[in-house]
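Structural features, examined
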Amino acid sequence: MNVILLGKPGSGKGTAGIEIAKDFNFKLISTGDLLRQEKSSGSTIGKQIESIMDRGDLVSDDIINDIIEQELSKPLPIDMYYLFDGYPRTISQARRLDEMLNISAVVYFDVDDATIAERIEQRGKKSGREDDQDSDTTKCRLENYYNDTQPVVDLYENSDRLYKVDASKSAISVYLQIKQLINKLNKEEEEEDNGIY
Ligand code: AMP
């Protein structure tokens, strides 16, 4: 079962993703991490995306799709699935992903904007991330979220693949909610495979 973690910036996807990937033996693909690596490598693409990321805008679909295709072309053990963090963020990315893989569950991190702003401000003190440093950049990231990513949430909700978790709670609570959800979905899938339904 391939799973997507979807939600606003700072909603806790990254933190939960690392633990969930370990627990369930997922291959974690975080486009934010991959892009930050590209940025710090100083490559041509890294130079192109630096200012876009620093001001909180989205990197172009073409660059993201290339990065994802490269990741998906790497061999994956037969019993391993993907866990995506921070991808897809636009309708075009979501459509492309649906062409490449079967996505059966999308975990939506439900949390209000005020909590997001507070969390990003706190994270910025430790993360050193350029895009965590000021409230205007956070505002820009949230605007992009509403313009480009909210339609992706709606797309998955309309295709009955969206499962909400209360992401205003502590990191451990969010992690436990997701763990419970994936256990339940795995069990349902197993029962379906065994012809119980
Ligand atoms: P994140 O670590 O997921 O918050 O991502 C950090 C930044 O990387 C975002 O603000 C975007 O500039 C860029 N980014 C990450 N994932 C994507 C994506 N799927 N599409 C476009 N830009 C992305």
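Below, the structure is looked at part by part. Note that this is a predicted model, so its numbers are computed, not measured. (Residues numbered from 1 in each chain as written. Predicted model: local features only at pLDDT ≥ 70, side-chain atom pairs only at ≥ 80, totals over all residues. Heavy atoms only, no water.)

This part covers the packing of aromatic side chains. Within a pair of aromatic rings, the relevant descriptors are the distance that separates the centres and the angle that separates the planes. Under the definition given, this model contains four aromatic pairs. Where F24 meets F26, the ring centres are 6.2 Å apart and the plane angle is 50°; that geometry is what we call tilted. Residue class for F26 comes out buried when judged on its relative accessible area of 9%. Aromatic rings pair up to connect Y82, F84 and Y87 into one cluster. (Phe/Tyr/Trp six-rings, centres within 6.5 Å; stacked < 30°, edge-to-face > 60°. Buried < 20%, exposed > 50% of the residue type's maximum accessible area, 1.4 Å probe, protein only.)

Bringing the site of the ligand into the picture now. Looking at the ligand, there are 16 residues lining it, with T31, R36, D57, G86 and Q93 nearest. In the model, an oxygen atom of the ligand is placed 3.5 Å from a nitrogen or oxygen of the R141 side chain. Protein contacts shield 95% of the accessible area of the ligand, which totals 480 Å² for the unbound molecule. By residue number, the principal contributor to the shell around the ligand is helix α2 (residues 31-41), which donates four residues. Its residues assigned to classes, the shell around the ligand shows six nonpolar, four polar and six charged. (Near = heavy atom within 4 Å. Polar contact = N/O pair within 3.5 Å; in protein donor to acceptor, adjacent residues only side chain to side chain. Areas by Shrake-Rupley, 256 points an atom, 1.4 Å probe, with all protein chains shown as cover. Helix = DSSP H or I, 4+ residues; strand = E, 2+ residues; numbered from the N terminus. Nonpolar A, V, L, I, M, F, W, Y, C, P; charged D, E, K, R; others polar.)

Before going further, it helps to spend a moment on helix α7 (residues 135-158). A rise of 1.5 Å per residue sets the reference length of α7, with its 24 residues, at 34 Å; its end C-alpha atoms lie 33 Å apart and thus fit the reference within 8%. The sharpest bend along α7 comes to roughly 45°, located at T149, with the proline P151 sitting one to four residues further on. Along α7, the positions that sit buried rather than exposed are T137, T138, C140, R141, L142, N144, Y145, T149, V152, V153 and Y156. On the buried face of α7, the contacting elements are β1 (2-7), α3 (44-54), α5 (91-100), β4 (103-110), α6 (113-127) and β5 (162-166). Where α7 begins, the side chain of D134 points an oxygen toward the backbone nitrogen of D136, at a separation of 3.0 Å. (Expected span 1.5 Å × (residues − 1). Bend = angle between axes of the 7 residues up to and from the residue. Contact = heavy atoms within 4.5 Å.)

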